[in-house]
Amino acid sequence: MNEIQLERVAFEPGKSFKLFSPRLRNTFLWHYHPEFELVYVEADAGIRHVGSHISGYTQSDLVFIGSNLPHLNFDYRLRSDYHQIVIQLREDFMGSAIAVSPEFAIINQLFKKAAYGIAFHAETKAIVTKKLKALARLNSFEQLVELMKVFNILAHSNEFTILNTDDVSLQFFLKDKIRMGAIYEYIDANYNRKPDVNVVAGKVNLSTAAFCRYFKRQTNITFTDFVNQYRIDIAKNLLMQDKNVTETCYAVGFESLSYFNKLFNKVVGENPSEFKNRLI
């Protein structure tokens, strides 16, 4: 497993942005880049790890990421088919226009907030998704015009969540030499078998106490809470594949149906049956 990586983004000649649809589901790419990035992913359920923020998404996700903000690829370990649209902007995208033009003042504020990572939802996500899916049919100039319309919509929206409450220092992640990939791999292989914090601590050459402190500092949640959240994300995926609640509960490693229902409700905001009936 590699440590955090600098992704070197290559642009086509004469283009100020890159539009593509990566497929990296079996690759752990914990990375950063100077370019701003707008990501849309359509999938049953997946992991969102941006800076120190970790959460799950269901059906789709739309996130705007600032310069050098570390993040995991949004299709990591997806278990069903998915579609992804990624737009990366050159560091000098639009020159100084966004920063100095009064007409772009609100978009400039959006770009500043992107330093913390922003997830958009509800009607804003639906409108922007439609525009992003239409970009491939346009020429470069038309794409640029539509992109500015997208940023204007996002800038005026109040349907968003700021993912990191504190300034996420890249230097903190660069100084850290522990391989997060090894931790993810262990959890993914053992989430249904009672993952052992002592075992995973040994894998990254830390004492259990030191690992617990490291993991909480790195993710803002405990190892146990992260494992349970990971299980719930997989449970959502299974429920959307028409598995029943009981078999889903045991398939993701819970031994008590009542505890599974309680935890699912706490994480998702509704019980598994309600979630299943709403989405199937």
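For the structure, see preceding data.
Residues numbered from 1 in each chain as written. Predicted model: local features only at pLDDT ≥ 70, side-chain atom pairs only at ≥ 80, totals over all residues. Heavy atoms only, no water.

### Some words on the overall build of the protein
- Of regular secondary structure, the protein possesses 12 helices and 9 strands.
- Relative to the globule expectation of 19 Å for 280 residues, the C-alpha radius of gyration of the protein, 20 Å, shows essentially globular dimensions.
- In terms of principal-axis extent, the alpha carbons of the protein reach across some 55 × 45 × 30 Å.
- Within the span of the protein, comprising 280 residues, buried residues form 50% of the whole.
- Considering only contacts in the protein between residues 6 or more positions apart, those separated by 24 or more positions represent 75%.
- When the 33 positive and 30 negative side-chain charges of the protein are each reduced to one mean point, those points stand 3 Å apart. (Helix = DSSP H or I, 4+ residues; strand = E, 2+ residues; numbered from the N terminus. Rg over C-alpha atoms; globule rule 2.2 N^0.38 Å. Buried < 20%, exposed > 50% of the residue type's maximum accessible area, 1.4 Å probe, protein only. Contact = heavy atoms within 4.5 Å. Lys, Arg positive; Asp, Glu negative; His and termini not counted. Charge placed at Lys NZ, Arg CZ, Asp CG, Glu CD.)

### Section: the nonpolar core
- Ranked by size, the top nonpolar core spans 42 residues in total, and within it Ile 183, Tyr 184, Phe 211, Val 252 and Phe 260 carry the most contacts.
- Sorting elements by how many residues they give to this core places helix α9 (residues 223-240) first, with 10 residues.
- If near-sequence neighbours (up to four positions away) are discounted, Val 252 is found in contact with Tyr 191, Asn 192, Arg 231, Ile 234, Ala 235, Leu 238 and Phe 260.
- Judged by nonpolar contacts, the second largest core, of 26 residues, contains Leu 38, Phe 64, Phe 111 and Ala 155. (Core = buried A, V, L, I, M, F, W, Y, C linked by side-chain atoms within 4.5 Å.)

### Notes on the packing of α9 against helix α12 (residues 272-279)
- Two elements in contact, α9 and α12, have axes separated by 9 Å at closest approach and are oriented at 50°. Here α12 runs oblique to α9, going by the angle between their axes. Considering how the two elements wind past one another, α9 and α12 form a crossing that is right-handed. Of the residues in α12, those in contact with Lys 236, Leu 239 and Met 240 of α9 are Pro 272, Phe 275, Lys 276 and Leu 279.
- The residue inventory of the contact of α9 with α12, partitioned by class, reads 5 nonpolar, no polar and 2 charged. (Axes fitted to C-alpha atoms, helices over the stretch in contact; angles between N-to-C directions. Parallel < 35°, antiparallel > 145°, perpendicular 65-115°, else oblique. Left-handed = near helix turned anticlockwise from the far one by under 90°. Nonpolar A, V, L, I, M, F, W, Y, C, P; charged D, E, K, R; others polar.)

### Comments concerning the side chain of Glu 37
- Within the secondary structure, Glu 37 is located in strand β4 (residues 36-50).
- Although Glu 37 is buried, it forms no salt bridge, and the closest oppositely charged side chain is Lys 18 at an N-O distance of 8.6 Å.
- At a separation of 3.0 Å, a polar atom in the side chain of Glu 37 contacts the side chain of His 71.
- There is a polar contact of 2.7 Å between the side chain of Glu 37 and the side chain of Gln 88.
- In contact with Glu 37, not counting residues within four places along its chain, are Val 63, Phe 64, Ile 65, His 71, Val 86, Ile 87 and Gln 88. (Salt bridge = Lys/Arg side-chain N within 4 Å of Asp/Glu carboxyl O. Polar contact = N/O pair within 3.5 Å; in protein donor to acceptor, adjacent residues only side chain to side chain.)

### Quick word on the pattern of salt bridges
- Within the structure shown, the criterion is met by 11 salt bridges.
- When the shortest N-O distance is used, the salt bridge between Arg 23 and Asp 81 registers 3.1 Å. Of the two residues, Arg 23 sits in the loop between β2 (17-20) and β3 (30-32) while Asp 81 sits in the loop between β6 (71-72) and β7 (83-89), which places them 58 residues apart along the sequence.
- Taking the relative accessible area as the measure of exposure, Arg 23 reaches 49% and is therefore partly exposed.
- Among the residues examined, Asp 81 registers a relative accessible area of 59% and is labelled exposed.

### A few points about the packing of aromatic side chains
- Throughout the structure, instances matching the rule amount to 22 aromatic pairs.
- The interplanar angle of 80° and the centroid separation of 5.4 Å between the aromatic rings of Phe 28 and Tyr 76 together place this pair among those described as edge-to-face. Of this pair, Phe 28 sits in the loop between β2 and β3 while Tyr 76 sits in the loop between β6 and β7, and the two are 48 residues apart along the sequence. For the pair formed by Phe 28 and Tyr 76, the shared burial category is buried. (Phe/Tyr/Trp six-rings, centres within 6.5 Å; stacked < 30°, edge-to-face > 60°.)

### Considerations on the packing of helix α6 (residues 180-190) against α9
- Here α6 crosses α9 at 55°, and the two axes come no closer than 11 Å. Classified by the angle between their axes, α6 and α9 sit oblique to one another. Both α6 and α9 take part in a crossing whose hand is right-handed. Contact residues: Tyr 184, Ile 187 and Asp 188 in α6; Phe 223, Phe 226, Val 227 and Tyr 230 in α9.
- Looking at the contact of α6 with α9 residue by residue, the class counts come to 6 nonpolar, no polar and 1 charged.

### Digging into the environment of His 33
- Its place among the elements puts His 33 in the loop between β3 and β4.
- His 33 gets classed as buried once you look at its relative accessible area, which sits at 1%.
- Taking C-alpha positions, His 33 is 5.4 Å from Glu 7, a pair spaced 26 residues apart along the chain.
- Filtering out sequence-adjacent residues up to four positions away, His 33 remains in contact with Leu 6, Glu 7, Val 9, Ser 67, Asn 68, His 71 and Gln 88.
- A polar side-chain atom of His 33 sits 3.2 Å from a polar atom in the side chain of Glu 37.

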